[in-house]
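Coordinates in review
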Amino acid sequence: MADNRHHVQNGNGNGLTAILGAGSLGRLWAALLPTGTTAFIPRQHDPEENKPDVTYRFQGRHGRQYPVTIPSLDWTTQHPDALIVTTKAGDTLSALEAILPNLKPTVPVVLFQNGMGSQQAVAERWPDRPIMAASTTEGANRPDNNTTVHAGQGETWVGGLTHSASPLVTNVVNQLEASGLVIHEEPEILKRLWSKLIINAGINPYTAILDCTNGDILDAPLFRDTIRQLCLELAEVMHLEGLPPRSPDDMQSQIEAVARNTAKNTSSMCSDVRRGKPTEIDYINGYIVSRARAHNLPAPVNQMLTKRVKLRTTKPHEPQSDTPGAI
Ligand code: KPL
């Protein structure tokens with residue numbers, strides 16, 4: 001793949017991508033977009049204070065490591081052409097509340113959150129802004145605070161959520177393609193987000209409860225005893241939400257295939273639990289429970305998994321029983 005990171009050298013409005021959220025995914029985009037075209041947005045906006053650059057080592061797909069320094073956005077002189085938001089789902093609305101008053105109302109905002117619900121909340125809060133959602137299978141992690149690793153080559157899909165976003169999707173895709181990553185326009189982004197939600201709902205909570213890698217869930221009694229019912233609940237909710245029908249068997253096979261293909265991965269939820277951080281369970285299985293509730297439908301397996309993951313994050317680290325149904 002061509003390395004076009006250094007082709008565009010600007011940062012003053014032409015192709016400048018502002019990034020909110022300096023976690024693994026934010027750092028991946030910052031490292032791969034051309035030098036000088038990205039800036040991190042500090043969470044707390046204080047025009048008086050000069051925010052430091054963000055510096056880290058980046059390890060690309062082929063193992064080459066290099067240092068990266070990304071400046072903080074200077075709102076007084078820099079005018080982003082796009083904002084990509086890589087905060088955790090639960091932090092997104094409040095992070096945007098703090099910074100959107102500084103951003104021109106015509107600048108596209110691209111939401112990269114896991115799960116579902118936070119994107120809709122943002123689109124409902126700012127219906128007149130061009131709000132887009134992205135779904136990505138790129139893998140990035142931070143083995144330590146100073147290092148970001150591009151662990152898995154994937155693809156990214158971007159689509160509009162609000163009316164004014166649709167005509168701008170092509171521009172955003174072109175801007176992000178300068179990273180060398182594979183990006184697609186996705187006219188049916190909600191369908192795409194649901195496909196990812198199915199995978200996350202069928203892998204993440206099990207890994208977080210059982211404190212294991214993705215592959216290790218496959219033989220665990222908790223997974224084996226509940227995955228079929230989980231997929232039935234997903235199929236029913238998706239049907240009531242007006243999504244194209246998916247068979248529970250098909251979903252289960254897909255979940256198991258991803259767990260096998262990413263067998264050695266520690267899921268994002270398992271790693272949040274291990275680090276004592278809040279998880280995105282409310283936007284994954286918790287979202288299914290709330291949509292089921294909206295249709296007067298029970299979703300007992302999703303509810304049980306949501307509760308058990310929450311127990312893992314509110315109690316000190318302790319071994320969990322692998323008994324299905326236990327909460
Ligand atoms: O997306 C993931 C995550 O960890 O959040 C999966 C697909 C489970 C890969 O680890």
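Above this text sits the structure in question.
As a starting point, this report considers the structure included with it. Bear in mind that the values here come from a model prediction, so they are computed numbers and not experimental data. (Residues numbered from 1 in each chain as written. Predicted model: local features only at pLDDT ≥ 70, side-chain atom pairs only at ≥ 80, totals over all residues. Heavy atoms only, no water.)

Focus on the overall build of the chain
- Along its length, the chain carries 10 helices and 11 strands.
- Taken across its 327 residues, the chain has 50% of its residues classed as buried.
- In the chain, 68% of the contacts between residues at least 6 apart in sequence involve partners at least 24 apart.
- With the model as given, the accessible surface of the chain reaches about 14,900 Å², and the carbon-plus-sulfur share is 50%. (Helix = DSSP H or I, 4+ residues; strand = E, 2+ residues; numbered from the N terminus. Buried < 20%, exposed > 50% of the residue type's maximum accessible area, 1.4 Å probe, protein only. Contact = heavy atoms within 4.5 Å. Areas by Shrake-Rupley, 256 points an atom, 1.4 Å probe, with all protein chains shown as cover.)

A word on the pattern of salt bridges
- By the definition in use, this model includes 11 salt bridges.
- Ionic pairing is found between E97 and R125, a salt bridge with its closest N-O pair at 2.8 Å. Of this pair, E97 sits in helix α2 (residues 92-99) while R125 sits in helix α3 (residues 118-125), placing them 28 residues apart in sequence.
- The partly exposed category is assigned to R125, whose relative accessible area is 39%. (Salt bridge = Lys/Arg side-chain N within 4 Å of Asp/Glu carboxyl O.)

What to know about the side chain of Q252
- The residue Q252 is located in helix α7 (residues 248-261) in this model.
- Once residues within four sequence positions are removed from consideration, Q252 is found in contact with R224, I227, R228 and C231.

Remarks on the side chain of H150
- Examined against the element boundaries, H150 turns out to sit in strand β9 (residues 147-152).
- Of the residues examined, H150 reaches a relative accessible area of 4% and is grouped as buried.
- Among the polar contacts made by the side chain of H150, one reaches the side chain of E138 at a distance of 2.7 Å.
- Excluding residues that lie within four positions of it along the chain, H150 makes contacts with L28, L32, F58, Q59, G60, R61, E138, G139 and L181. (Polar contact = N/O pair within 3.5 Å; in protein donor to acceptor, adjacent residues only side chain to side chain.)

Section: the pairing of strand β1 (residues 17-20)
- Residues T17 and I19 point to one face of β1 and A18 and L20 to the other, with burial holding for every one of them.
- Relative to strand β2 (residues 38-40), β1 runs parallel, the two sharing 3 bridges. For I19, the partnering residue across the bridge sits in β2 and is F40.
- Crossover handedness for the path β1 to helix α1 (residues 24-32) to β2: right-handed.
- One ladder, built from 4 bridges, connects β1 with strand β5 (residues 82-85); its direction is parallel. For A18, the partnering residue across the bridge sits in β5 and is L83. (Pairing = 2+ DSSP bridges. Right-handed = clockwise from strand over helix to strand, strands pointing away.)

Some thoughts on the environment of N102
- The topology assignment puts N102 in the loop between α2 and β6 (109-111).
- Separated by 27 residues in the primary sequence, N102 and W75 have C-alpha atoms spaced 7.3 Å apart.

Points about the site of the ligand
- Neighbouring the ligand are N200, I203, N204, N214, N265, S267 and S268.
- Interatomic distance of 3.1 Å between a side-chain N/O atom of N200 and an oxygen atom of the ligand.
- Here N204 contributes a side-chain N or O atom positioned 3.1 Å from an oxygen atom of the ligand.
- If the ligand stood free it would expose 280 Å²; the protein chains cover 83% of that surface.
- The leading source of residues in the shell around the ligand is helix α5 (residues 189-210), at 3 residues.
- In terms of residue class, the shell around the ligand is built from 1 nonpolar, 6 polar and no charged. (Near = heavy atom within 4 Å. Nonpolar A, V, L, I, M, F, W, Y, C, P; charged D, E, K, R; others polar.)

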